[in-house]
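# Notes for the structure review
The lines below spell out each chain.
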Amino acid sequence: MLRQALVLLLAAALGTAQAQQFLAGGDFSVLSWMERAGARYSDRQGKPGDALEILKRYGHNIARIRLYDNTGPGTGTDGWYWPKGSMDLPDVLALSRRAAAQGMQIQLTFHYSDFWTNSKTQDLPHAWQRELKKQPDEAARMARLTELVHQRTREVMQAMVKQGTPPQFVSLGNEIEHGMLYPYGKATPENWPRLAALLKAGHAAVKEVNPSSKVVLHIDDGGNEAKYIDWFGQARTNGVQWDVIGASYYPFWTRKNVAQLAAFSKAITERFDSDLLVMEAGFNFSPTKPDGWPGQLEHNGPYPASMSSPEGQRDFMVELFTALKRTPRVIGVLYWDPIMIATPGVGWAVREGTGDAGPNVVSNTTLFDFKGRALPVLDIWKQFTGTTQ
């Protein structure tokens, strides 16, 4: 009897260890800026509160937090910059403490830049640019850049661990389908070995400090199977390691519905024997921003215009969560940007010289309405953030 009881206890313990929680949260990187600008949030009943606490109460269990090297005037691109003190290391550490206090997992994204990075822009941090100018030739510059990636990744990870908030997931770059740290890390066929060297440096630094942190490589266009086969095939050929494939998915840009994304996810995770995390997803709750103009997502792709409503956003997320939770090795979804509500003085960036904020192009895709009140989509969150076998 005793042996049978022990066997049952062991089986139960193993089952618990193997159970995987479906991760569903969002990118909260702008929260400090939003709060300084006077943004206010409330729950479905209109009761005001802390945005992270409200989202946790509705079932959010993971926070994506983006890191830029140095923000403020003179650090951006084409006359735009991020405000000083927003998404730099002190801010990331503070947001991480807040997220951890809510019991959320942390997804840390290194932009390896002072400003936005994506498929079009992957500018080196200004301090790194100055450092590379000191080097005598191209080979020395590439070697020094590889060192800088390792050093910066390592020191940030050490700071996160030291304060007791080691990130469960770490993304090396943001939407790096065309590479990162241009021109050194461009993802051209002849240049992939250099991109691989930079990614290897970042991966090594993460694992040296906290081996349990899972490294994510994140590219855009979720649903484009050919792109992912080519990109991650090149990464594997060049000896790059990762734990999780990261994908951005917006019906507006991808022109893919949820069923197509799920089929893609199944094919890619099987091909590369890898987990997949949807790093970004977004859907309009209104066809326009408060000013009457379309936002960044001009429409919702293959979904009808009638779904650009609070109820349509809710129904889309039910469809997305349901399909992906049933897809083996898809571990979760991060929403973009749940908290960047319409707030005077906050926009996609700040103008050099004047300090004026550009337009807030995601104010009609958040999880709170134009007045900061939680939208119906949050009512469904807890249905999907339990555990699955």
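## Topic: the overall build of the protein chain
Along the backbone of the protein chain there are 11 helices and 16 strands. For the protein chain, whose C-alpha radius of gyration is 21 Å, the value lies close to the compact-globule estimate of 21 Å for 389 residues. The principal-axis extents of the C-alpha atoms in the protein chain amount to approximately 65 × 65 × 40 Å. Burial statistics for the protein chain: of 389 residues in total, 55% are counted as buried. Excluding contacts between residues fewer than 6 apart, the proportion of contacts in the protein chain whose partners are at least 24 apart in sequence is 76%. Split by element, the accessible area of the protein chain, about 15,900 Å² in all, is 53% carbon and sulfur. Between the centroid of the 41 positive side chains of the protein chain and the centroid of its 39 negative side chains there is a distance of 4 Å.

## Notes on unusual backbone geometry
Put simply, Tyr 182 and Pro 183 share a cis peptide bond, and its omega is 0°. Positionally, Pro 183 belongs in the loop between strand S9 (179-180) and strand S10 (185-186). In this structure, Asp 337 follows Trp 336 across a cis peptide bond, with omega equal to -25°. In this model, Glu 175 sits at a positive phi of 45°, which is unusual for a non-glycine residue. With respect to the element layout, Glu 175 can be found in the loop between strand S8 (169-172) and S9. Positive phi is not limited to glycine here, since Asp 273 has a value of about 50°.

## Section: the confidence of the model for the protein chain
Counting all residues, the mean pLDDT for the protein chain is 94, and 94% of those residues have values of 70 or more. Counting interchain partners and residues more than four positions distant, the pLDDT-below-50 stretch residues 1-18 has one contact.

## Comments concerning the pairing of strand S11 (residues 214-219)
In terms of burial, S11 is largely enclosed, as five of its six residues are buried. Across three bridges, S8 lies against S11 in parallel orientation. When the sheet's bridge partners are listed, Ser 171 is paired in S11 with Val 216. The pairing of S11 with strand S12 (residues 244-249) spans four bridges and is parallel. Each bridged residue has a counterpart across the sheet, and for Val 216 the counterpart in S12 is Val 244. In this fold, S11 hands off to helix H8 (residues 225-237), which returns the chain to S12; that crossover is right-handed.

## Here's the deal with the sheet that holds S11
Ordered by their spatial adjacency, eight strands build a closed barrel running S2-S5-S7-S8-S11-S12-S13-S14, and the pairing between neighbours is parallel. Strand after strand, the sheet turns through a mean of 25° between neighbouring axes, direction not considered. The sheet strands contacting helix H6 (residues 138-162) are strand S5 (62-67), strand S7 (105-110) and S8, and the helix crosses S7 at an angle near 155°.

## A word on the pattern of salt bridges
Any two side chains of opposite charge can pair if their charged atoms end up close together. Enumeration over the complete set of coordinates arrives at 24 salt bridges. Between Glu 208 and Arg 154 there is a salt bridge; the shortest N-O distance is 2.7 Å. Taken together, the positions of Glu 208 in helix H7 (residues 192-209) and Arg 154 in helix H6 put the pair 54 residues apart, joining distant regions of the chain. The partly exposed category is assigned to Glu 208, whose relative accessible area is 43%.

## Some thoughts on the environment of Arg 97
Along the chain, the position of Arg 97 falls in helix H4 (residues 89-101). The partly exposed category is assigned to Arg 97, whose relative accessible area is 44%. Apart from the residues within four sequence positions on either side, Arg 97 is in contact with Gln 163 and Thr 165.

Procedures and definitions
Residues numbered from 1 in each chain as written. Predicted model: local features only at pLDDT ≥ 70, side-chain atom pairs only at ≥ 80, totals over all residues. Heavy atoms only, no water. Helix = DSSP H or I, 4+ residues; strand = E, 2+ residues; numbered from the N terminus. Rg over C-alpha atoms; globule rule 2.2 N^0.38 Å. Buried < 20%, exposed > 50% of the residue type's maximum accessible area, 1.4 Å probe, protein only. Contact = heavy atoms within 4.5 Å. Areas by Shrake-Rupley, 256 points an atom, 1.4 Å probe, with all protein chains shown as cover. Lys, Arg positive; Asp, Glu negative; His and termini not counted. Charge placed at Lys NZ, Arg CZ, Asp CG, Glu CD. pLDDT = per-residue confidence, 0-100. Pairing = 2+ DSSP bridges. Right-handed = clockwise from strand over helix to strand, strands pointing away. Axes fitted to C-alpha atoms, helices over the stretch in contact; angles between N-to-C directions. Salt bridge = Lys/Arg side-chain N within 4 Å of Asp/Glu carboxyl O.

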